[in-house]
Amino acid sequence: MQQLNTNSRFLHDNLVVCAEKLVSKMPESLSVCFFVNSGSEANDLALRLARQHTGNTDVITLDHAYHGHLTSLIDISPYKLNLPGAPKKPDHVHIAPVPDIYRGKIRADDHPDEDMGKLYALEVKKIIDENVIGQRGQQVCAFIAESLQSCGGQIILPHNYLRDVYTYVREAGGVCIADEVQVGFGRSGTHYWAFEIDGPDVLPDIVTIGKPMGNGHPVAAVITTEAVARSFEATGIQYFNTYGGNPVSCAIAIAVMTAVDEEQLVDNAKDVGGYLLSELENMQRRFPDVIGDVRGVGLFVGVELIKDPKTKTPATAETRDVVDRMKNEFRILVSSDGPDVNVIKLKPPMVFSRANADRFLKAFKTLISEIRTQRFQLL
């Protein structure tokens, strides 16, 4: 900061070094960077790129998804659209069921030994065939989804889901946007980007990144293919962002990526996240009448609290109480989310240790045990 900060009209090595470092961690086809300041800016630009490249306007998003606070993104964020007083969903926006195999439209309990990713992907194909092409006579502009859905309740997309959806979307003329704003930079513990979890067949056309990129500093980016970038360039409008790609922001992003690599934080997410998930699954087996589902990868974990394992009735009030007591009594910050606000959301810092996990687990077990005891007392 003391050395130099300018807007991005002036060339600086940091911009190029940062872009090179980012694309080196992406599949080869994702090779062009646009620097912005936030995840919202990144997703807004991703929509502009998609519309210019395809010439289409219809967007498919997932129920309960949140992609940012700009008007263009509220339009594709059912997390906000579903609230009282929210604006009316535009006709060009289509909402697909979130692929929640525990509580969603298609449940694993009802479809044992079936390919849940394939079943949920067919729901997107149905929207394309019946709504986009059938009713509106249009082609698809884009499908956008977080590679792991955060605000919707820490949803882990089932195997083959993105692979099949991306195929259907491209067959209908659209591009595929992977929103990695919350889940990128190694949080999954197995890959640097969460879209890579399901294998090389899942290859987005546009990737948006943000929050962890600056470890608290406002810096974000859009990474896309040369073909998409050329379509945008052809408009002649150009893209300029006063602070996007400035030397300080790029220096910070470079430092963050260097720390993630040198401190082996992806491996740490795998080790500590695996331990945390395993211990929570053990806790679920002990308290199946309170913990309905435990799901996660790396340091991205959701714990769904219920009132009854048969009906899966959400324990919304008790979840809120757990969040409050974890803070007030144990000085541990967690949050809750999901459409019923009954999912304890765990996305700790990437330096989270097994000792940190043990401290959380001890406190959490105490509260879960108290919930069960209180219920028995009411019988």
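Computed from a prediction, not measured in an experiment: that's the story for all the values here. (Residues numbered from 1 in each chain as written. Predicted model: local features only at pLDDT ≥ 70, side-chain atom pairs only at ≥ 80, totals over all residues. Heavy atoms only, no water.)

So, on to the overall build of the chain. Of regular secondary structure, the chain possesses eleven helices and eleven strands. At 21 Å, the chain has a C-alpha radius of gyration in line with the 21 Å of a compact globule built from 379 residues. On the principal axes, the C-alpha backbone points of the chain span a range of 70 × 55 × 40 Å. Counting over 379 residues, the chain shows a buried share of 53%. Considering only contacts within the chain whose residues lie at least 6 apart along the sequence, 72% involve residues at least 24 apart. (Helix = DSSP H or I, 4+ residues; strand = E, 2+ residues; numbered from the N terminus. Rg over C-alpha atoms; globule rule 2.2 N^0.38 Å. Buried < 20%, exposed > 50% of the residue type's maximum accessible area, 1.4 Å probe, protein only. Contact = heavy atoms within 4.5 Å.)

What follows concerns the nonpolar core. If you look at the biggest cluster of nonpolar residues, it comprises 84 residues, and the most contacted ones within it are Leu 22, Phe 143, Tyr 161, Met 213, Leu 280, Phe 360 and Phe 364. The leading source of residues in this core is helix 9 (residues 265–286), at nine residues. Judged by nonpolar contacts, the second largest core, of 23 residues, contains Ala 42, Val 59, Val 222 and Phe 232. (Core = buried A, V, L, I, M, F, W, Y, C linked by side-chain atoms within 4.5 Å.)

To continue, consider the sheet that holds strand 2 (residues 58–62). With respect to topology, seven strands assemble into an open sheet ordered 1-7-6-5-4-2-3, the strand pairing being mixed. Because the sheet does not close on itself, it has two edges, and the strands there are strand 1 (32–36) and strand 3 (93–96). With direction set aside, neighbouring strand axes in the sheet form an average angle of 20°. Across five bridges, the pairing between strand 4 (residues 140–146) and strand 5 (residues 175–179) is parallel. Counted as the bridge partner of Glu 146 is Asp 179 from strand 5. (Pairing = 2+ DSSP bridges. Axes fitted to C-alpha atoms, helices over the stretch in contact; angles between N-to-C directions.)

Across the interface, helix 10 (residues 316–330) lies against helix 11 (residues 354–378) with an axial gap of 11 Å and an inter-helix angle of 135°. Classed by the angle they form, the pair helix 10 and helix 11 counts as oblique. Every pair of crossing elements has a handedness; the one defined by helix 10 and helix 11 is right-handed. Contacts between helix 10 and helix 11 involve Glu 318, Val 322, Arg 325, Met 326 and Phe 330 from the first element and Arg 359, Phe 360, Ala 363, Phe 364, Thr 366, Leu 367, Glu 370, Ile 371 and Arg 375 from the second. Its residues assigned to classes, the contact of helix 10 with helix 11 comprises eight nonpolar, one polar and five charged. (Parallel < 35°, antiparallel > 145°, perpendicular 65-115°, else oblique. Left-handed = near helix turned anticlockwise from the far one by under 90°. Nonpolar A, V, L, I, M, F, W, Y, C, P; charged D, E, K, R; others polar.)

A few words now on the layout of surface pockets. Empty space among the atoms becomes visible once a probe the size of a water molecule is rolled across them. The computed volume of the largest pocket comes to approximately 670 Å³. Lining the largest pocket we find 23 residues, and of these Cys 33, Phe 34, Phe 35, Tyr 239 and Phe 240 sit closest to its centre. A per-class count over the lining of the largest pocket returns 13 nonpolar, six polar and four charged. In this structure, the second largest pocket occupies an estimated 450 Å³ of space. In terms of residue class, the lining of the second largest pocket is built from ten nonpolar, four polar and three charged. (1 Å grid on protein atoms, 1.4 Å probe; cavity = no way out; pocket = protein on both sides within 12 Å on 5 of 7 lines; lining within 4 Å. Points joined across faces, edges and corners; volume = space filled by probe spheres on them.)

Bringing the packing of aromatic side chains into the picture now. Going through the model one piece at a time under the given rule, you end up with eight aromatic pairs. Ring centres of Tyr 192 and Trp 193 lie 5.0 Å apart, and the angle between their planes is 75°; this geometry places the pair in the edge-to-face category. Of the two residues examined, Tyr 192 and Trp 193, each falls in the buried class. Taken together through their ring pairs, the aromatic side chains of Phe 34, Phe 232 and Tyr 239 make up a single cluster. Between the NZ or CZ atom of Arg 9 and the centre of the ring of Phe 240, over which it lies, the distance is 4.1 Å. Sitting over the ring of Tyr 102, Lys 312 keeps its end group 4.1 Å from the ring centre. (Phe/Tyr/Trp six-rings, centres within 6.5 Å; stacked < 30°, edge-to-face > 60°. Lys NZ or Arg CZ within 6 Å of the ring centre and 35° of its normal.)

For the structure on display, the rule yields 19 salt bridges. One salt bridge connects Arg 375 with Glu 318, and the closest N-O pair in it is separated by 2.7 Å. You can see Arg 375 sitting in helix 11 and its partner Glu 318 sitting in helix 10, a full 57 residues away along the chain. In this structure, a network of salt bridges that share partners links the residues Arg 103, Asp 293, Arg 295 and Glu 304. (Salt bridge = Lys/Arg side-chain N within 4 Å of Asp/Glu carboxyl O.)

Moving on, we get to helix 11. Since the α-helix packs 3.6 residues into each turn, any two residues three or four apart lie on the same face. For helix 11, which comprises 25 residues, the first-to-last C-alpha distance of 36 Å matches the rise-based estimate of 36 Å (1.5 Å per residue) to within 8%. Considered for burial, the residues of helix 11 that qualify are Ala 357, Phe 360, Leu 361, Ala 363, Phe 364, Leu 367, Ile 368, Ile 371 and Arg 375. (Expected span 1.5 Å × (residues − 1).)

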